[in-house]
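Coordinates in review
The residues making up each chain are set out below.
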Amino acid sequence: MKLRSHLFLLALGTIVPVAIFAVVVAVWLVEREREAWRIGAENRASALLSAVDAELRGHVTSLEALASVPSLQDGNLDYFRTVAESTLKTHPDWLNIRLATPDGKPILNLRNLDDPRPHGSLAKDGSFARTATTGKTAISNMAWDPQLMRWRFSVRAPVVHNGTIRYVLAADAVPDSITSLVQAQNFDPDWVGVVLDASNRFVARTWDSEKSIGQPASESLQAALAKSSSGWFRGRTVEGVEVYTPFHRSATTGWTVAMGVSAKTFDSAVWRSGWTLALGISFAILLALLGAHLINRRIANAIASLAEATKAIGKGETVALSTDIAPVDEIQTLARALRASADAAHERQVLIEREKSALQEADRAKDRFLAMLSHELRNPLAAISAAAHVVRFAKAGSAEAISAQLVIERQTRHMARLIGDLLDVSRITLGKMALEREPLDLAETITKLARTWRASGRFGRHDVNLDLAPARVNADATRIEQVVANLLDNALKFTPHGGRVDITLAREGSEAVLRVSDSGPGIPQHLLDRLFEPFVQGNEPGTLASAGLGIGLALVKGLAEMHQGSVSAVNGPAGGSVFTVRLPLSEASLVVTSAERSVTGGRHILLIEDDDDTRMMLHAALEFGGHEVRQARDGTSGLALAAQSLPDVAVIDLGLPDIDGLEVARRLRSTQGKRRLALVALTGFGGPDDQRRALDAGFDVHLTKPVTHERLKRVIGGFP
Amino acid sequence: MSTRILLVDDDADFRAMLCSALELAGYSVEVARNGRAALARQRHSPADILITDIFMPESDGFEAIDGFRRNFPSTKIVAISGGAPVMKANYLDAAGLIGVDAALQKPFEMEELLRVLKSIQ
């Protein structure tokens, strides 16, 4: 279901109950209004009836007064005539005064008008008969007077003499005063007020006054009067106009007062409040729906644009999303979240692109590397192959033959080193390289290497200078030589003939710092950051010549880091590049500093080894070297011996039967006094983790079995 | 008069060995370290056959081949290189495209080179 439908339902759901309640109230109000109207109209009708009754009573009173004049009682009719005539003059409504015997014989007629009715018919007249027989006053219905050409009614009163009815006196009257009474009510033009006689004929009527008199009342009114003497009904006038009619019939006269209230006017007046209410409700509903529509437009449009944005984010397109999208907090929150997500997606996309291009770059580097590898391996092979040919065909001992042999040796060594470096880089990368660390003096290692290179002519026409301070480190001599050789090789390769290469070694804080600087062209800025990554080359892409494999510096970095050291490269202020290798000085050298103690025999050595053959062999070797040796077969006795004999060096097998060698080392370290004990670990496992564990436990050197005499001698001699 | 060969390679050991081997095979051999030096030497004492490496610093084998084709069109050329067909352009193929008489990949048997030299004379 659409949002619009929900909002419309909400609006309707709120308004409809209110509307229903309002309608109920309206209907109730209408009913009350109608009731108030009805009561008001009935009261008016009743008041009018009282007035009509009073008017008629006036006629009756006047006639009764006339009936009681003495002359009439005495039968002095002549005199009575004069009295009657004067009475007639004072009553403008009265047309005539007549006198008859109770049996209907006319005796006196002031106007001398002939009664058109046949003789004796008077006795049958309803009102006359009533008065003649009961002796009570009566009022007749409306009747047409053909001589006066007027509608009139008669008031009759008995003339009683000595208890008997002697005459019936009658006054014929026109209903003018009653008409005036009705007209004095000032009804609205669409109201009609009527007075009916006992036979339901109009005595007076506000509508069509002249013509209506004497005419029968409307059928609906007659029907209502037949049922009840007073009430309220909805019916039609004689003209057919729909009216509400309150009516009241007088008990004394039998005459009726009724009012016709135009149903149209009445209903419209009554319903006006209802309509006002309905209009109000409709307006409210309209307003609510309009509101719902507007909110829908704002929210729905905002949601639609958010949906578009979400789609775009999914496709990885960038989206410009305003948080002003709609003045709705929740939507703004959504828009903000969506924008954040778009930013994140974009960032991710950028990272992916970057990673992709890095991968492509790595792929290109790999291709270059393979081409270079081929070149680097084939060239020495070509030289060797040619040299082998020369050896075969040249005279033995000739200059060519000797030269060819040297070439074969040199190129073979070169290739071996190349392949070795390659494998070493791979080993470092895979974490499979193990170091054979021992205390050694870096200066000594470098001096030895430089001497060899100089002797073999590898320095060529370069000016190589050494400035080395002694620096003792705990390192793998072969690997350190590899580091120095690679740096030196690079310096020579990238420095033109006649250029200068400086190698310096210094102690700075707790580090040995080796610097190899050259007077070459320096390192291009774009390469400085990536210099130590494998396969990155110092030469421009495309000119493959003599650049090497690009693994030398990667190897240097890997080896330095394996020794807990570091390597960095900068361009010197005066041109050329400076490579700096930092290695941690060994603790022993920190204590001894530059006071190089001459290394002779005569140390106290504690040997803890459970394997009898190994122990005996090592014992013999160490004693041969001039040391004083004590031995133990397990950790416990070893520790006891150490406490007793205070050795300079302890050589400990890690796999002892009781306490393991690591624990022995920890205990020895924790109980040693000011005199520092040198600890050498012996183990069959030479992995990097084993070494780290041994060093952590306090060993200075970690030796992997089998240990040669030479190596053991070097290690022991290396301690200060 | 023996056939004169000009040998161009940046690797001194290889240069020296190939030079000895060719002399043992009866050729008269001159050597140069790069393409430019080869062209200079050719002007000074022209050779019948040029044997050149492709990848050399400063002035590579393509430069030598181009220069020889232009200035010494009668000189036969043998290209030798250790480049592997890993990259999209195989350098020996490229040498073939610019017109050398023969191409060899390092390392090669001496007998093969001698056979090639005989065949192009």
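As the structure is a computational prediction, the values presented were derived from the model and not from experiment. (Residues numbered from 1 in each chain as written. Chains lettered and ligands numbered in written order. Predicted model: local features only at pLDDT ≥ 70, side-chain atom pairs only at ≥ 80, totals over all residues. Heavy atoms only, no water.)

Before going further, it helps to examine a nonpolar patch on the surface. Where nonpolar side chains cluster on the molecular surface, the patch consists of A:L12, A:V16, A:I20 and A:V24 and spans about 320 Å² of accessible area. On the secondary structure map, A:I20 appears in helix α1 (residues 3-67). (Patch = residues over 30% accessible without salt bridge, like charges linked within 9 Å, V, L, I, M, F, W, Y side chains within 5 Å. Areas by Shrake-Rupley, 256 points an atom, 1.4 Å probe, with all protein chains shown as cover. Salt bridge = Lys/Arg side-chain N within 4 Å of Asp/Glu carboxyl O. Helix = DSSP H or I, 4+ residues; strand = E, 2+ residues; numbered from the N terminus.)

This paragraph deals with the sheet that holds strand β22 (residues 678-683) of chain A. Residues and elements named next belong to chain A. Pairing in this open sheet of five strands is parallel, and the strands run β20-β19-β21-β22-β23 from one edge to the other. Each edge of the open sheet is held by one strand with a lone partner, namely β20 (628-632) and β23 (701-704). Each adjacent strand pair in this sheet contributes to an overall mean axis angle of 20°, direction not counted. Relative to β20, strand β19 (residues 604-608) runs parallel, the two sharing five bridges. Residue pairing across strands places L607 opposite Q631, the latter belonging to β20. Against the sheet, helix α17 (residues 612-624) makes contact with β19, β20 and β22, and its axis sits at roughly 165° relative to β20, the strand it touches most. Sheet strands touched by helix α19 (residues 661-671): β19, β21 (649-653) and β22. Its angle to β21, the strand with the most contacts, is close to 155°. (Pairing = 2+ DSSP bridges. Axes fitted to C-alpha atoms, helices over the stretch in contact; angles between N-to-C directions. Contact = heavy atoms within 4.5 Å.)

This part takes up the interface of chain A and chain B. Taken together, the contact between chain A and chain B spans 27 residues of the former and 25 residues of the latter. Roughly 2200 Å² of surface becomes buried between chain A and chain B when both sides are summed, with 66% attributable to carbon and sulfur atoms. Between chain A and chain B we count two salt bridges in total. We note a salt bridge from B:E111 to A:R392, for which the minimum N-O separation is 3.1 Å. Residues that form the side of chain A that touches chain B fall into these classes: 14 nonpolar, eight polar and five charged. (Buried area = accessible area lost by both parts, 1.4 Å probe. Nonpolar A, V, L, I, M, F, W, Y, C, P; charged D, E, K, R; others polar.)

What follows covers helix α2 (residues 35-44) of chain B. Residues and elements named next belong to chain B. By the burial criterion, the buried members of α2 are G35, A38, L39 and Q42. Take α2 and look down its axis: the buried residues cluster within an arc of 100°, on one side only. Between the side-chain oxygen at the start of α2 and the backbone nitrogen of R36 there is a gap of 3.1 Å, and the oxygen is on N34. (Buried < 20%, exposed > 50% of the residue type's maximum accessible area, 1.4 Å probe, protein only. Arc of directions from axis to C-beta. Polar contact = N/O pair within 3.5 Å; in protein donor to acceptor, adjacent residues only side chain to side chain.)

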